[in-house]
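Chain by chain, the residues run as shown.
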Amino acid sequence: MTTRLTATSLLSRTLLLRRVNSRTPRPLLGPIIVGLERSAGIPTISQPTRAFSSTASGDRGQEPPPPPPPAMDSPIKVVSHLGGGRGGGGGEGEGGGGAAIDAGKSARRPLSLWPGMYHSPVTNALWEARSSIFERMMDAGSGGGGAATSADEQRPQTELLVKTPAQSRTSIVYKFATDDILREQYRDAWNEVRIGKLLEDLDALAGTIAVKHCSDEDSTTRPLLVVTASVDKMELKKPIRVDTDLKIAGAVTYVGRSSIDIQIEVTQVDKDGDNQSDPIALTANFTFVARDSKTGKSAPVNRLSPENEREKQLFGEREARDKMRKRKREEQKGGLENGIHKLRAEAERLDALLAEGRVFSDLPALADRDSILMKDTRLENSLVCQPQQRNLHGRIFGGFLMHRAFELAFSTAYAFVGQRPCFLEVDHVDFLKPVDVGDFLRFKSCVLYTQLDNPEQPLVNVEVVAHVTRPELRKSEVSNTFHFTFTVCSDMLKNGLKIRNVVPSTEEEARRILERMEAEGLCN
């Protein structure tokens, strides 16, 4: 009974602190160190890192809340070191650094801005820092107790700033080597990092970088909303260990009128300390688009001014890629003659692909036993999207979709190969439709095709399609299509493991294979 009463009183005091501290302005995000703060004996619930002030706006004359009782269990802490030069000495980096925050608590902003708590420690820490910008929507215009300006009264951002990549650069360090609990959260069944969980973190980091670049530091303008538009191909260059510290860092590399390109690098030094090997394990390129938070229409973003040679090189590469993408879009509207020639070539390839599938349908006893129909490799799962899976904009977090898609793709490859698959890459992803809380989401996967030309590294291409289904409206739409490539361990191949060929049984399946092969450059 004593424990229950103590926990209840503690909850009341936490809610009181939330109201007081949610109005305190906070600096933008700097480097984040993910780890568990340890203390001798039983851990206790920590107070917010800022001191209570009785002179806060609207709180004059109030007494500070009493300290919580000791010896209570506290949640895992993710310590975020905030930059911006507000803190005194003792911080890391230029400007002295800022105070540490406990991302396990939501006491620094209103509950209405706090997304689901199921996410990883990194996404919680990033959203905690990112929300400081969106708190302007509630606290803008307040000063010395004045009333806050409503979102309807805030004007759109009209004056664009010129920012450098350094102003949006953000890094996260996973202290896997020393933090047992954090390591356990990211460990898979084979003592490597869970790739799906890492993809979720990469999307959250990229979103935070985009928000930082779009911010104009003006409390009278309404902040922009940024949404994930696409993710370029991500290729895993080496396995990521879960017993060695890991770092992910990124910055803006290019901006269009309303689009923001962000590159993130995942680095990990080998455990044996080999400094000669390349520490980069994965490189990811995200594209975000900015929307007006009131009208939902596309909005211009701050300009980008690269400083050093590396930043200028990345800017030029992304600019050239953007122009090539627009040129291809125009070419697709090209002449009728090219379209007829393409249709004829496609019909020949479709017929070749369907030839073996017809044998399975018409003469199954004579079908090749080293092949399997695509429909026999399918897996599927479904869920109703819950509020705990939403992002700061109230919609389902894009990283959550990538996480769930990867887990299903891995299971599909595992069931197909019969041994643990090794992840190699995820191809370009376009986010076509938003997913809202309450939507019925269905993930359907299959092995699309295999590449067996290289016996030392056979490739398994898995397709995952996310469908947003609304039963009340009798409606279903494709939200995302993901393509993952896996291989198998060379030791398994030496023991006689054989990968089967996948063949289509319908024209629709054959077209999906052709489209994928053309995207990969496998069709002549």
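Quick notes on the rules
- Residues numbered from 1 in each chain as written.
- Predicted model: local features only at pLDDT ≥ 70, side-chain atom pairs only at ≥ 80, totals over all residues.
- Heavy atoms only, no water.
- Axes fitted to C-alpha atoms, helices over the stretch in contact; angles between N-to-C directions.
- Helix = DSSP H or I, 4+ residues; strand = E, 2+ residues; numbered from the N terminus.
- Parallel < 35°, antiparallel > 145°, perpendicular 65-115°, else oblique.
- Left-handed = near helix turned anticlockwise from the far one by under 90°.
- Contact = heavy atoms within 4.5 Å.
- Buried < 20%, exposed > 50% of the residue type's maximum accessible area, 1.4 Å probe, protein only.
- Pairing = 2+ DSSP bridges.
- Salt bridge = Lys/Arg side-chain N within 4 Å of Asp/Glu carboxyl O.
- Core = buried A, V, L, I, M, F, W, Y, C linked by side-chain atoms within 4.5 Å.
- Domains from an automatic or database assignment.
- Patch = residues over 30% accessible without salt bridge, like charges linked within 9 Å, V, L, I, M, F, W, Y side chains within 5 Å.
- Areas by Shrake-Rupley, 256 points an atom, 1.4 Å probe, with all protein chains shown as cover.
- Expected span 1.5 Å × (residues − 1).
- Polar contact = N/O pair within 3.5 Å; in protein donor to acceptor, adjacent residues only side chain to side chain.
- Phe/Tyr/Trp six-rings, centres within 6.5 Å; stacked < 30°, edge-to-face > 60°.
- Lys NZ or Arg CZ within 6 Å of the ring centre and 35° of its normal.

Some points on the packing of helix α6 (residues 195-214) against helix α9 (residues 398-417)
Running from N to C, α6 and α9 point in directions that differ by 160°, and their axes come no closer than 8 Å. Relative to α9, α6 is oriented roughly antiparallel. When the axes of α6 and α9 are compared, the crossing they make is right-handed. Within the contact between the two elements, α6 uses I195, G196, K197, L199, E200 and D203 and α9 uses G398, G399, F400, M402, H403, F406 and E407.

Some words on the pairing of strand β10 (residues 280-291)
Regular strands have side chains that alternate between both faces of the sheet. Of all 12 residues in β10, 11 are buried, a share of seventy percent or more. In this structure, strand β6 (residues 225-231) lies alongside β10, joined through 6 bridges in antiparallel fashion. Of the residues in β10, the one forming a bridge with T228 is F288. As judged from the 2 bridges shared by strand β7 (residues 234-236) and β10, these two strands associate in the antiparallel manner. Residue E235 lies in a different strand from β10, and its bridge partner there is T283. Here 9 bridges tie strand β9 (residues 259-267) to β10, and the two strands are oriented antiparallel to one another. Of the residues in β10, the one forming a bridge with E265 is T283.

Notes on the pattern of salt bridges
On inspection of all chains with the given rule, the structure shows 25 salt bridges. Linking R194 and E407 is a salt bridge whose minimum nitrogen-to-oxygen distance equals 3.2 Å. A residue pair is termed long-range when its members are at least 10 positions apart, and R194 in the loop between α5 (180-186) and α6 and E407 in helix α9 qualify at 213 residues. With a relative accessible area of 27%, E407 lands in the partly exposed category. Between R358 and D351 there is a salt bridge; the shortest N-O distance is 3.5 Å. Residue D351 is classed as partly exposed on the basis of its relative accessible area of 45%. Among the ionic contacts, a cluster of salt bridges with common partners joins K233, E425, D427, R516 and E520.

With respect to the nonpolar core
Core analysis: the largest hydrophobic core is formed by 86 residues, its most contacted members being Y174, L202, I260 and F484. Split by domain, this core shows at least three residues from each of two domains, domain 1 (120-135 + 160-307) and domain 2 (339-520). Not counting residues up to four positions away in its chain, the partners in contact with F484 are A405, F406, A409, F423, E425, V426, V460, N461, V462 and V464.

Thoughts on a nonpolar patch on the surface
A cluster of nonpolar residues, V359, L363 and L366, forms a patch on the protein surface that exposes about 280 Å² of accessible area. Looking at the element boundaries, L363 is found in the loop between α8 (336-362) and β12 (371-373).

Side note on the pairing of strand β14 (residues 421-426)
Among the 6 residues in β14, 5 count as buried, and that is most of the element. By the bridge criterion, 2 bridges tie β7 to β14 in an arrangement that is antiparallel. Looking across to β14, one finds that E235 is bridged to E425. Across 5 bridges, β14 lies against strand β18 (residues 475-488) in antiparallel orientation. What sits directly across from P421, in β18, is V488.

Topic: α6
Look at α6: 29 Å from first C-alpha to last across 20 residues, which is about the 28 Å you get at 1.5 Å a residue. For α6, a buried count of 20 out of 20 residues is recorded, marking the element as mostly surrounded by other parts of the structure.

Considerations on the environment of D439
Looking at the element boundaries, D439 is found in the loop between β15 (429-430) and β16 (440-451). Note on D439: relative accessible area 7%, which makes it buried. Sequence-wise, D439 and C385 are 54 residues apart; in three dimensions their C-alpha atoms are separated by 5.5 Å. D439 has contacts with L383, V384, C385, P434, V468, T469 and R470, leaving out every residue within four places of it along the chain. From its side chain, D439 meets the backbone nitrogen of D436 in a polar contact 2.9 Å long. A distance of 3.3 Å separates the side chain of D439 from the side chain of R470, its partner in a polar contact.

A short note on the packing of aromatic side chains
In total, this model carries 15 aromatic pairs according to the counting rule given. Look at F423 and F486: their rings are 6.0 Å apart centre to centre, the planes differ by 65°, and that puts the pair in the edge-to-face class. With F423 in strand β14 and F486 in strand β18, this residue pair connects regions lying 63 residues apart in the sequence. For F423, a relative accessible area of 8% translates into the label buried. Residue F486 is classed as buried on the basis of its relative accessible area, which comes to 0%. Pairwise contacts between aromatic rings join W190, F406, F410, Y414, F423, F482, F484 and F486 into one cluster. For K197, the ring lying beneath its charged end belongs to Y186, and the centroid distance is 5.5 Å.

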